[in-house]
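Structural overview for review
Listed below, chain by chain, are the residues.
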Amino acid sequence: MPDLSVNFAGIQSPNPFWLASAPPTNSGYQVMKAFDAGWGGAVWKTMGIPIVNVSSRYGGVNYKDKRLVGLNNIELITDRPLKDNLRDIEEVKKYFPNHPVIASLMVDSRDEWQQIIKDVENAGSDGLELNFGCPHGMCERGMGSAVGQEPKILERITAWVKEVATTPVIVKLTPNITDIREPARAARAGGSDAISLINTIQSLVGVDIDNFVPYPVVDGLSTNGGYCGPAIKPIALNMVKECAMDPGVGIPISGIGGIENWRDVVEYLLLGSTTIQVCTAVMHYGFGIVRELTAGLEQYMLDKGFNSVDQMIGKALPNVKPWEHLNLEYQVKAQIEDELCIGCQLCYIACEDGAHQAIRLNENNELRIPSIIEENCVGCNLCSLVCPVDNCISMVRTDSGKKIETWHQRTEKGSIPTTWNDKRAGGVGHWIPEPKDALKQDKKEL
Ligand SMILES: Cc1cc2nc3c(=O)[nH]c(=O)nc-3n(C[C@H](O)[C@H](O)[C@H](O)COP(=O)(O)O)c2cc1C
Ligand code: SF4
Ligand code: SF4
């Protein structure tokens with residue numbers, strides 16, 4: 001069997017599957033149950049100065065028959081007393097010494113940071129995760145994403161933490177920022193040993209249109225929350241990739257966001273994560289999903305010949321390039337498998353109204369199988385994405401495969417216009433038709 005163990009910035013873990021800081025890591029009972037089920041590590045529900053939570057805290061986005069495609073919450077950090085959490089951490093470490101317990105923390109002043117670090121390290125935590133990500137409630141008090149959005153402050157607080165920390169430090173980033181690399185670089189500059197991302201995305205999941213209040217409703221009022229679950233995975237994957245490819249970041253990554261199955265895990269690892277963290281999927285389906293994650297990852301590694309997780313980390317990164325380095329000569333066209341087609345004509349509607357009018361309906365209405373007009377097809381994939389039958393529309397390569405020319409190369413050699421001032425793009429003062437011109441019968445008059 002392949003070796004699933006990982007070393008994350010000095011934190012040894014039996015596998016890359018960690019629980020994210022959230023309700024599933026609220027207590028020792030839950031974390032021990034999770035370790036029993038097969039989770040490798042757990043990031044404790046964020047600890048800090050005691051807070052009070054509201055009742056009615058979550059809103060969900062259901063899409064068709066899938067529940068919780070997205071989850072929105074207005075919960076704050078732990079509402080348990082610090083001493084209860086510390087006792088629980090100590091107990092978990094007694095029974096599970098080889099499973100990392102990471103203390104997620106969020107406090108305000110330098111003294112508070114340095115005190116709570118001593119407390120959780122005394123209790124036996126194996127690492128510290130600094131929660132600079134929470135985009136609701138705590139940010140209004142100058143913590144959470146309020147820090148994550150200010151790289152200089154993030155760097156300073158990280159440095160305070162590093163002054164006293166004896167275990168590895170992970171900075172958890174907020175996605176509510178224009179360029180994720182900036183806080184990631186600041187984390188490194190502050191001395192962080194690793195980063196984790198993403199925390200939740202600031203959101204409103206919907207409105208009760210009868211009572212005019214967004215969800216979740218708290219006594220007739222609401223507030224913005226943090227969004228997570230499968231819907232955020234593409235955003236999180238891109239941010240993980242951005243950080244993994246940036247030489248200015250250069251520290252290990254724990255990938256978080258929308259992970260539900262082993263394929264999601266593999267994608268995060270291939271894009272540069274060393275561990276992954278899960279919240280929503282566990283809140284939805286329970287700790288047992290780790291069995292599918294484990295079996296799926298092991299089988300994938302066997303199939304691909306990976307002996308250790310290390311060999312997979314970042315394996316897809318060399319294949320991610322800026323747009324200007326993609327081959328403009330590469331050409332695919334849609335091809336319909338007549339035997340599989342059920343004649344729903346969804347592909348026709350999508351291409352006709354939303355793409356390039358490259359699908360023709362059969363003139364004989366009895367035969368509902370459409371056909372591709374090759375010369376119009378630009379290979380955008382839309383029809384294959386809307387077709388409800390697997391493999392019914394495939395995208396087939398039609399260029400010779402011998403020529404590679406990118407936008408970068410074309411502009412370098414000047415074979416393509418890049419400004420209106422170039423005659424090939426219309427020339428300076430290019431002709432702009434007046435709307436009334438379109439009404440003229442004889443275009444020669446123009
Ligand atoms: C109800 C709820 C509470 C959360 N509480 C915390 C928290 O205390 N600290 C923290 O760093 N992240 C918290 N998160 C964010 C998660 O740790 C995670 O970053 C986010 O949910 C994305 O992962 P997912 O798509 O697997 O849910 C919370 C998320 C939810 C849904
Ligand atoms: S969407 Fe697919 S199944 Fe439906 S008509 Fe087009 S090719 Fe056939
Ligand atoms: S790939 Fe795009 S352009 Fe070609 S047929 Fe499909 S939808 Fe139309």
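Within every chain, residues take consecutive numbers counted from 1 along the sequence as written. Following the order in which they are written, the chains are lettered starting with A and the ligands numbered starting with 1. With the structure being a predicted model, the display of local features is reserved for residues of pLDDT at least 70 and the display and counting of side-chain atom pairs for 80 or more, all residues being used for whole-chain, interface and lining totals.

For each residue, a C-beta atom is placed from the backbone, and the residue counts as near a molecule or strand when that atom lies within 6 Å of it. Contacts to ligand 3 come from 15 residues, most closely from C351, C377, C380, L382 and C383. Secondary-structure elements contributing two or more residues to the shell around ligand 3 are α11 (346–354) and α12 (382–386). Here the nonpolar group is Ala, Val, Leu, Ile, Met, Phe, Trp, Tyr, Cys and Pro; Asp, Glu, Lys and Arg are the charged ones; every other residue, Gly included, is treated as polar. Across the shell around ligand 3, the residue classes break down as 12 nonpolar, 3 polar and no charged. Each helix is a run of H or I in the DSSP string that is no shorter than four residues. Each strand is a run of E no shorter than two, and both are numbered from the N terminus.

What follows deals with the domain arrangement of the chain. An automatic or database domain assignment supplies the start and end points of every domain. The assigned domain composition of the chain is domain 1 (6–317), domain 2 (323–397) and domain 3 (407–435). Put simply, the middle of domain 2 and the middle of domain 3, counted by C-alpha atoms, are 31 Å apart.

Time to look at the site of ligand 1. Taken together, 28 residues form the shell around ligand 1, and within it A20, T46, C228, C279 and T280 come nearest. Only β6 (66–73) and α9 (280–285) provide two or more residues apiece to the shell around ligand 1.

Bringing the packing of helix α1 (residues 28–37) against helix α2 (residues 82–95) into the picture now. Each pair of packed helices gets described by two things: the angle between the helix axes and the distance between those axes. Axes, fitted as lines to C-alpha atoms, cover a helix only where it is in contact. Angles between the N-to-C directions of the axes lie from 0 to 180 degrees. Contact geometry of α1 with α2 gives a least axis separation of 9 Å together with a crossing angle of 20°. Viewed along their axes, α1 and α2 adopt a mutual orientation that is roughly parallel. Regarding α1 and α2, the two cross each other, and that crossing is right-handed. In this structure, α1 uses G28, V31 and M32 to contact α2, whose residues at the interface are D88, E91, V92 and Y95. Tallied by class, the residues present in the contact of α1 with α2 amount to 4 nonpolar, 1 polar and 2 charged. In these notes the angle categories are as follows: under 35 degrees is roughly parallel, over 145 is roughly antiparallel, 65 to 115 is roughly perpendicular, and the rest is oblique. Left-handed is the label given to a crossing in which the near helix is rotated counterclockwise from the far helix by less than a right angle, and right-handed is the label when the rotation is clockwise. Residue pairs qualify as contacts under a 7 Å threshold applied to their C-beta atoms, which are placed from the backbone.

Pairing between two strands is assigned when DSSP locates at least 2 bridges connecting them. If you trace the 4 strands from one edge of the open sheet to the other, you get β5-β6-β14-β11, paired in antiparallel fashion. Strands with a single pairing partner mark the edges of an open sheet, and in this sheet they are β5 (58–63) and β11 (201–203). Each neighbouring strand pair of the sheet contributes to a mean axis angle of 40°, computed without reference to strand direction. Two elements, β5 and β6, share 5 bridges in a ladder whose sense is antiparallel. Along β6, the bridge assignment pairs G60 with L71.

Put simply, a nonpolar core is a cluster of buried Ala, Val, Leu, Ile, Met, Phe, Trp, Tyr and Cys residues tied together by C-beta atoms within 7 Å. Counting other C-beta atoms within 10 Å of a residue's own tells you its class, since 20 or more makes it buried, 12 or fewer makes it exposed, and anything in between is partly exposed; those C-beta atoms are placed from the backbone. V120, L128, I195, L197, V240 and C243 are the most contacted members of the largest nonpolar core, which totals 91 residues. When residues in this core are grouped by element, the largest group, 6 residues, is from helix α7 (residues 233–244). Ignoring sequence-local partners within four residues, the contact set of V240 consists of L197, I253, G255, Y268, L271, G272 and S273.

Next up on the list: the sheet that holds strand β4 (residues 41–43). The 8 strands are arranged β3-β4-β7-β8-β9-β10-β15-β16 in a closed barrel whose pairing can be described as parallel. Sheet twist, expressed as the average angle between the axes of neighbouring strands with direction ignored, equals 25°. Here strand β8 (residues 127–131) pairs with strand β9 (residues 169–172) via 4 bridges, running parallel. Opposite E129, over in β9, you have I170 as the bridge partner. The strands touched by α7 are β10 (194–197) and β15 (253–256); relative to β15, the strand with the most contacts, the crossing angle is about 170°.

With respect to the helices, strands and loops of the structure, Q357 is situated in the loop between α11 and β18 (359–360). The class of Q357 is exposed, set by 12 C-beta atoms lying within 10 Å. Sequence separation of Q357 and L82 is 275 residues, and the distance between their C-alpha atoms is 63 Å. Not counting chain neighbours up to four residues away, the residues in contact with Q357 comprise C351, E352 and N376.

This brings us to the pairing of β10. Sheet faces and side chains relate simply in a regular strand, where the side chains alternate between the two faces. Burial along β10 is two-sided: the face carrying A194 and S196 and the face carrying I195 and L197 are both buried. One ladder, built from 3 bridges, connects β9 with β10; its direction is parallel. Paired with I170 across the bridge in β10 is A194. Seen with the strands pointing away from the viewer, any crossover whose path from the first strand over the helix to the second strand runs clockwise is right-handed. What joins β9 to β10 is helix α6 (residues 181–189), and the crossover it makes is right-handed. Two elements, β10 and β15, share 3 bridges in a ladder whose sense is parallel. Bridge pairing links L197 to G255 in β15.

In this model helix α3 (residues 110–123) runs 20 Å from its N-terminal to its C-terminal C-alpha over 14 residues, within 8% of the 20 Å that 1.5 Å per residue would give. The set of residues buried in α3 consists of W113, I116, I117, V120 and A123. Along the axis of α3, the buried residues cluster in a sector spanning 130°; they form a single face. Exposed positions of α3 whose direction lies more than 90 degrees from the buried face are D111, Q115, K118 and N122. Check the buried side of α3 and you find it contacts α2, β7 (101–105), β8 and α5 (151–164). Positive backbone phi, at 110°, marks G124, one or two positions downstream of α3. A helix's residues, less one, multiplied by 1.5 Å, set its expected span. Arc definition: directions from the helix axis to the C-beta atoms.

Looking now at unusual backbone geometry. Apart from glycine, the bulk of residues carry a negative phi angle, and the bulk of peptide bonds sit in the trans form. The omega torsion of the bond from L197 to I198 falls at 15°, within 30 degrees of zero and hence cis. Its location among the elements puts I198 in the loop between β10 and β11. With an omega dihedral of -10°, the bond running from Y215 to P216 counts as a cis peptide bond. As for its placement among the helices and strands, P216 is situated in the loop between β13 (213–214) and β14 (225–228).

Another point: the packing of helix α8 (residues 262–270) against helix α10 (residues 289–304). Here α8 crosses α10 at 55°, and the two axes come no closer than 8 Å. Here α8 is positioned oblique relative to α10, judged by the angle of their axes. For α8 against α10, the interelement crossing comes out right-handed. Touching W262, V265 and V266 of α8 are E292, L293, G296, L297 and Y300, all from α10. For the contact of α8 with α10, the class distribution of residues is 6 nonpolar, 1 polar and 1 charged.

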